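# Examination of the molecular architecture
Each chain is listed here by its residues.
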Amino acid sequence: MANIKTMSFDAVIVGGGGSGMRAALQLAQSGYKTAVITKVFPTRSHTVSAQGGITCAIASDDPNDQWQWHMYDTIKGSDYIGDQEAIEYMCQTGPEAIFELEHMGLPFSRTEEGRIYQRPFGGQSKDFGNGGQAARTCAAADRTGHALLHTLYQGNLKNETTFLNEWYAVDIVKNADNAVVGVVAINIETGETVYVKSKATVFATGGAGRIYASTTNAHICTGDGVGMALRAGFPVQDIEMWQFHPTGIHGAGTLVTEGCRGEGGYLINKDGERFMERYAPNAKDLAGRDVVARSMVLEILEGRGCGPDGDHVYLKLDHLGEDTLNAKLPGILELSRTFAHADPVKEPIPVVPTCHYMMGGIPTNVDGQALTIDKDGNDQVIEGFYACGEAACVSVHGANRLGGNSLLDLVVFGRASGMFIEKQLREGINLKEASEADIEAAMVGLNRINNSAGGEKASVLRAELQTIMQNYFGVFRRGDFMKEGIDKLNALRPRIENVALEDKSNAFNTARIEALELQNLFATAEATAIAAEGRTESRGAHAREDFQERDDENWLCHSVYFPESKTLGKRGVNFTLKTREAFEPKIRTY
Amino acid sequence: MLNVSIYRYNPEVDSEPYMQDFKVDTQGKDVMVLDVLEKLKTEDPTLTFRRSCREGVCGSDGVNISGKNGLACITPLSEAVKGNKLVIRPLPGLPVIRDLVIDMSQFYAQYEKIQPYMINNNPAPAIERLQSPEERAKLDGLYECILCACCSTACPSFWWNPDKFIGPSGLLQAYRFLADSRDTATEERLANLDDPFSVFRCHGIMNCVQVCPKGLNPTKAIGHIRSMLIRSAT
């Protein structure tokens, strides 16, 4: 019965953010028929919200800067479960990828020499941690993500990429060999359902910060790629690793860039004390984000929080002076005045650690090929399936991402995926056609939502889910508490599967999209919960009260969550560098 | 209770649009207009609008708020409510798809017309192209555009000629590339704009400046383009 319309492409990219558009650009430039499926107009993607910059050793601020130092910082920042091969590739290739963006027109801020302006960010050092603070984050004022995303969209327009704007990918279509041969997608404006067939399907679907009640993430960050991959039976990696950004605006959740502290701002408690001096005597406010976030929560828990409820701390910027703030952090002034009703020129910004970034995701190799693990524990490439950007876990961030590395990740690996697919296409890709039954299998979830009768509202269920995740899987975690959280998720599952969709209309039906997004939020949340409960140690962003130490003997590895059995496995971390000997795990202090 | 009146139109159900009245308990808080829309959507999931970043950088939720175009996510009720009443309509002048969602094709087509990308056919250096801070400063107030369409849909000239007049947003971007020291296609860009409609339909009404949620000034950019056109003609 699958009389569904089909569209065919050489490559389909799901997601119109930074990584998706970088991959698309590579493929469009090579002349392959490339489409981007994106649920919002591309420049509305969440990359637009990135502020502080893109970290890369382009040797502008310091002519002697080396990409190897950036590599060291990133490996240390990852708490040693970032794959060293991938980190080496990212840091070494980075400058080339940045210069390409500049040539494309990205309006970077400039130094007096006319080079790209770089600012200090957390976790950055010179000389492998021995040479003090580095300034390695390339910036376009505090609107780097906006500048980058618009530049990439413009590059794609120039190269005539096909955009399926305001289309929503529902599920993966797999053929008889378990290879990925496209997706089923809805044209949101008309409601039409289409099989978008492709020789290469790239998931660049971004993160899922909306599984938490308090997040810097846009409404659209609902883990669609992770949800689709899990429903197709593919595993996700290190999904327990969620970054809480130290400085989300208290109450609103909107992001205040780490660049504020890079430019000389610092955090204070209710006594006006610069408390990071106690927790990280060397790097202070520019320690790793996990370290700063935990320190803030401890200050609050120990009664030194600010405000009537003592539930936040302050970010002080006024000492930098109005001129510097206007020049370097104009967007922050706007955001703080709007959402915190505080003018940073005169008063501090109330901030609190806020869910920000999904370090885990779909496991891939450096070419963007998605991986699964066979029963002997070996990596297996999933034919036809690729991932990059926040949706992927390549893994360059391990247990804690450094600020400025997300934009570099999405540009470098969007590009790498595109280049690899281009090569594959040139050599010829032959995947079996999907049968009608294969396509119908990808319609099951959508049909269930479309046929829903009764059930509860998506908004109510979503709020419950977000509250559970916030309360049981936050900055500090504890086994018995997490088990309780998992029980609550189990109770919520049937209610979410049975979500109401009273409005069955076709034209721009956002209620349908939200019901589908809710399934992806739940799938991501459940994987997070099971992986977090399973990793019995503290590492990077994963801090357990009942296992306070890092356990390299048992957990110097990736976690891999298998959706069909809902169980957790392990996968080795890559310690093979091409250019030097590997960095051995050390105690991580700042 | 706040009185909220919202433009409704579902093409599959309604023969014509209508205004629907709601009462919203804001608990006296000065929340954003988007918060009100979100709250109403939890009660009536059919209410349709675009939103993404909720912090004024993605440009999804441009709507007409009590008569003035703006972004719902950064417009507080204190700026938008008049006599305890909030009126929300789609941005004017473009076709409505459903409720507050408009068809922006014409707006995007005008953006694409100005070749919104860097053109520099000189061989690229091994590092970045150098640009002084002074040259870079010329892009401030231009590159920050978020394509929300608040300006173009507030412009009577764009209402009249949405197919021929580029409109304030597209022209702001046209000037962003004309002003960039790294772009070498000035003559070609000016030639593309040199007709009675693309630029010269701007009559300096300045509605664009008044509504831009990012505080940008398209009229000024259009003035610069006019001067460049006049100079290149002489």
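In case you missed it, the structure is sitting above this.
Residues numbered from 1 in each chain as written. Chains lettered and ligands numbered in written order. Predicted model: local features only at pLDDT ≥ 70, side-chain atom pairs only at ≥ 80, totals over all residues. Heavy atoms only, no water.

Per the secondary structure count, chain A includes 17 helices and 22 strands. Computed over its C-alpha atoms, the radius of gyration of chain A comes to 23 Å, within 12% of the 25 Å expected for a compact globule of 590 residues. Taking the principal axes of the C-alpha coordinates as reference, chain A spans close to 70 × 50 × 50 Å. Approximately 19000 Å² of chain A is accessible, and the part contributed by carbon and sulfur atoms is 46%. Measuring between centres, the 58 positive side-chain charges of chain A sit 1 Å from its 77 negative side-chain charges. (Helix = DSSP H or I, 4+ residues; strand = E, 2+ residues; numbered from the N terminus. Rg over C-alpha atoms; globule rule 2.2 N^0.38 Å. Areas by Shrake-Rupley, 256 points an atom, 1.4 Å probe, with all protein chains shown as cover. Lys, Arg positive; Asp, Glu negative; His and termini not counted. Charge placed at Lys NZ, Arg CZ, Asp CG, Glu CD.)

Attention now moves to the interface of chain B and chain A. Facing the 59 residues of chain B at the interface are 60 residues of chain A. In total, about 4900 Å² of surface goes out of reach between chain B and chain A, with carbon and sulfur atoms giving 51% of it. Summed over the shared surface of chain B and chain A, the result is seven salt bridges. The salt bridge involving Glu102(A) is made with Arg182(B); its shortest N-O contact spans 2.8 Å. Taken together, the connections running from chain B to chain A amount to 37 residue pairs in polar contact (both at pLDDT 80 or more). Listed by contribution, the elements that provide at least two residues to the side of chain B that touches chain A are α1 (33-43), β6 (96-98), α3 (105-113), α4 (133-137) and α6 (167-178) of chain B. (Contact = heavy atoms within 4.5 Å. Buried area = accessible area lost by both parts, 1.4 Å probe. Salt bridge = Lys/Arg side-chain N within 4 Å of Asp/Glu carboxyl O. Polar contact = N/O pair within 3.5 Å; in protein donor to acceptor, adjacent residues only side chain to side chain.)

The next subject is the state of the cysteines. Taken as a whole, this structure holds zero disulfides over all chains when the rule is applied. No disulfide involves Cys388(A); its sulfur sits 13 Å from the nearest other cysteine sulfur, which is in Cys393(A). Among the residues examined, Cys388(A) registers a relative accessible area of 1% and is labelled buried. With no disulfide partner, Cys53(B) has as its closest neighbouring cysteine sulfur the one in Cys58(B), 3.7 Å distant. Owing to a relative accessible area of 2%, Cys53(B) belongs among the buried residues under this scheme. (Disulfide = S-S within 2.5 Å. Buried < 20%, exposed > 50% of the residue type's maximum accessible area, 1.4 Å probe, protein only.)

The subject of this paragraph is the sheet that holds strand β22 (residues 567-572) of chain A. As a general point, the strands of a sheet are linked pairwise by backbone hydrogen bonds and lie either parallel or antiparallel. Residues and elements named next belong to chain A. Across the sheet, three strands lie side by side as β10-β21-β22; this open sheet has antiparallel pairing. Both edges of this open sheet fall to β10 (236-237) and β22, since each of them pairs with a single strand only. The strands that helix α16 (residues 510-534) touches are β10, β21 (557-562) and β22; relative to β21, the one it contacts most, it runs at about 135°. (Pairing = 2+ DSSP bridges. Axes fitted to C-alpha atoms, helices over the stretch in contact; angles between N-to-C directions.)

All names here are of chain A. Strand order across the open sheet formed by four strands is β11-β14-β13-β12, with antiparallel pairing between neighbours. Two strands bound the open sheet, and with one partner strand each, they are β11 (242-249) and β12 (266-268). Between one strand and the next, the sheet's axes are offset by a mean angle of 50°, whatever the strand orientation. Note that strand β13 (residues 313-316) and strand β14 (residues 349-358) share three bridges and pair antiparallel. For Tyr314, the partnering residue across the bridge sits in β14 and is Pro350.

This part is about the pattern of salt bridges. Residue and element names in this part refer to chain A. According to the stated counting rule, one finds 62 salt bridges over all chains in the structure shown. Here Arg588 ties to Asp79 by a salt bridge, and the two come within 3.8 Å at their closest N and O atoms. Here Arg588, found in the segment after β22, pairs with Asp79, found in the loop between α2 (67-77) and α3 (84-104); they are 509 residues apart in sequence, far enough to count as distant. This pair shows no difference in class: Arg588 is buried, exactly as Asp79 is. The shortest N-O distance in the salt bridge between Glu240 and Arg535 comes to 2.5 Å. Taken together, the residues span a long stretch of sequence, with Glu240 in the loop between β10 and β11 and Arg535 in the loop between α16 and β20 (543-544) at a distance of 295 residues. Several salt bridges converge on common partners, so that one network encompasses Asp79, Asp238, Glu240, Asp290, Arg294, Arg535, Glu537, Arg539, Arg550, Asp552 and Arg588.

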